[in-house]
Amino acid sequence: MPQPRTEEPGTVARPRVEGAGDVPRGGARVSPGSDVADVESGELVVRARLGDSAAWGLLVDRHAPLLWAIARSCGLDDADCGDVVQTTWLRLVERIDVVRDPQAVPQWLAVTARREAVLLAGRRGREAPADPLCFTDVPRPITRNGVSGAYRFVSGTEDTALAREQIGRVGEALRTLPRRCQNLLRMLALAHSYSELAAALDIPVGSIGSARTRCLAQLRRRLAT
Amino acid sequence: MNEEPFLDELRAAFEQIDPVPKDVMAAGRSALGWREPNADLAELTDEQNRELAGARSTSGMRLLRFSAPGHTVEVEISGAGQDLALTGRLAPATVADVRLRHPNSAEQSARADETGRFALTAVPEGLVSLVFHLPDASCVVTSWIRL
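Residues numbered from 1 in each chain as written. Chains lettered and ligands numbered in written order. Predicted model: local features only at pLDDT ≥ 70, side-chain atom pairs only at ≥ 80, totals over all residues.

Per an unreviewed UniProt entry, the recorded name for chain B is Carboxypeptidase regulatory-like domain-containing protein, and the organism is Actinomadura harenae.

> Can you walk me through the overall build of chain A in this structure?
Counting its regular elements, chain A contains eight helices and zero strands. Ordered by position from N to C terminus, the α and β elements of chain A give α-α-α-α-α-α-α-α. Counting all 225 residues of chain A, 39% fall into the buried class. Considering only intrachain contacts with a sequence separation of at least 6, the fraction spanning at least 24 residues in chain A is 70%. (Helix = DSSP H or I, 4+ residues; strand = E, 2+ residues; numbered from the N terminus. Buried ≥ 20, exposed ≤ 12 C-beta atoms within 10 Å, placed from the backbone. Contact = placed C-beta atoms within 7 Å.)

> Before we go on, may I ask you to explain the overall build of chain B in this structure?
Scanning chain B for helices and strands turns up two helices and ten strands. For chain B, the α and β elements follow one another from N to C terminus as α-α-β-β-β-β-β-β-β-β-β-β. Here chain B has a C-alpha radius of gyration of 20 Å; the compact-globule value for 147 residues is 15 Å, and the former is much larger. Expressed along its principal axes, the backbone C-alpha trace of chain B runs to roughly 70 × 45 × 30 Å. Burial statistics for chain B: of 147 residues in total, 24% are counted as buried. Considering only contacts within chain B whose residues lie at least 6 apart along the sequence, 43% involve residues at least 24 apart. (Rg over C-alpha atoms; globule rule 2.2 N^0.38 Å.)

> Just checking my understanding: could you explain the interface of chain A and chain B for this structure?
For interface size, the figure often reported is the accessible area lost on association. Between chain A and chain B, the contact holds 47 residues from the first and 36 residues from the second. Sorting the residues of the side of chain A that touches chain B by element identifies α2 (53-73), α3 (78-94), α5 (161-175) and α6 (179-190) of chain A as the ones contributing at least two each. Per-element tally for the side of chain A that touches chain B: the top contributor is α3 of chain A, with ten residues. Class assignment of the residues belonging to the side of chain A that touches chain B gives a composition of 23 nonpolar, 13 polar and eleven charged. (Nonpolar A, V, L, I, M, F, W, Y, C, P; charged D, E, K, R; others polar.)

> Is there a simple way to explain the pairing of strand β4 (residues 83-91) of chain B in this structure?
Consecutive side chains of a regular strand alternate in pointing toward one face of the sheet and then the other. Residue and element names in this part refer to chain B. Examined bridge by bridge, strand β3 (residues 71-80) and β4 share nine bridges and lie antiparallel to one another. Residue pairing in the sheet places Glu74 in a bridge with Arg89 of β4. Following β3, the chain reverses through two residues before pairing antiparallel with β4; Gly81 in that reversal takes a positive phi of roughly 60 degrees. By the bridge criterion, five bridges tie β4 to strand β7 (residues 117-123) in an arrangement that is antiparallel. Bridge assignment links Leu86 to a residue of β7, and that residue is Leu120. (Pairing = 2+ DSSP bridges.)

> I keep staring at the environment of Ser210 of chain A and nothing clicks. Help me out?
With respect to the helices, strands and loops of the structure, Ser210 of chain A is situated in helix α8 (residues 208-224). Put simply, Ser210 of chain A and Ala117 of chain A are 93 residues apart on the chain and 26 Å apart in space, counted from C-alpha to C-alpha.

> Help me understand the environment of Ala200 of chain A in this model?
Residues and elements named next belong to chain A. Secondary-structure assignment places Ala200 in helix α7 (residues 194-201). Overall, Ala200 belongs to the buried group, with 27 C-beta atoms counted inside 10 Å. Sequence-wise, Ala200 and Ser73 are 127 residues apart; in three dimensions their C-alpha atoms are separated by 9.6 Å. In this structure, Ala200 is in contact with Leu66, Ile70, Ala110, Arg114, Met187 and Ala191, ignoring residues within four places of it in sequence.

Set out below in structure tokens:
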């Protein structure tokens, strides 16, 4: 069986995004107080290449949640999701010195995680996803902490009871959405650009808009009832 | 309308429902330690799976080929589970120190003989990468593969 060659970061074709550029939302979500918190991911890659482990750590913190979500969307369990995420990081590390376009790394990470997740899902003997989006309808890992709706909430200092209640409401509404919409909304909330989101979902950038509108509308309807 | 606060809520909900485990984050942060900055990367360029006649489908043999500028590495993997055998050949033929890297278990080592051949046994499944230290002080590392 021919093995698809893993492209070097920077050789992935970057879909064009119309309108206001590549960033659909505000700056990167990183912990406040960090010097490098506002540094874009491409620059973090360059710094990591020079041996800056703090920059690498920030890159991981910033993008790991999306990679995890991608693996989860392929129906993998915790151990396999962790495996996919780690494999993705190792693939970046092995070619970090030859990355030609560091700005394209976030998108490359998403593409790589998807490929690894699809391969592993296939290897696990699960049904090949009929849906090319890899949205398999396997037992609902997404709710593994809340099979009966009993979500765990971690209370923090800023975590008001009201906020927790609202998150609980959103979580309940999410659970009733079709899996495709769950995955789309999750990745929409986690991706830092449309190109990263398109890679995570493996759909053309141009078809994100309508899917996003539809899923957000479905969620709002459920929240309104 | 501004969707940003709503997306923040979504993100928070998913963080509660299905958080990335701490050990996964920690492993990612330490992944940079696997870098081999002075090595030439040999990428996987071909993979074949051969079923052994009469054997269960899970005990076939995998043939992998990795290519780096100036070097190729062929690896044959047989066995199953925690007892895999890797035999391979480095070309052009040269002696070399071979290291098998495995994030979840101890590193193993072997020596490639003057024909470039090497063998590793009792290799557990999982992610692995081979590093070759050549007599001219150059270094070749294979892309990570999942056994």
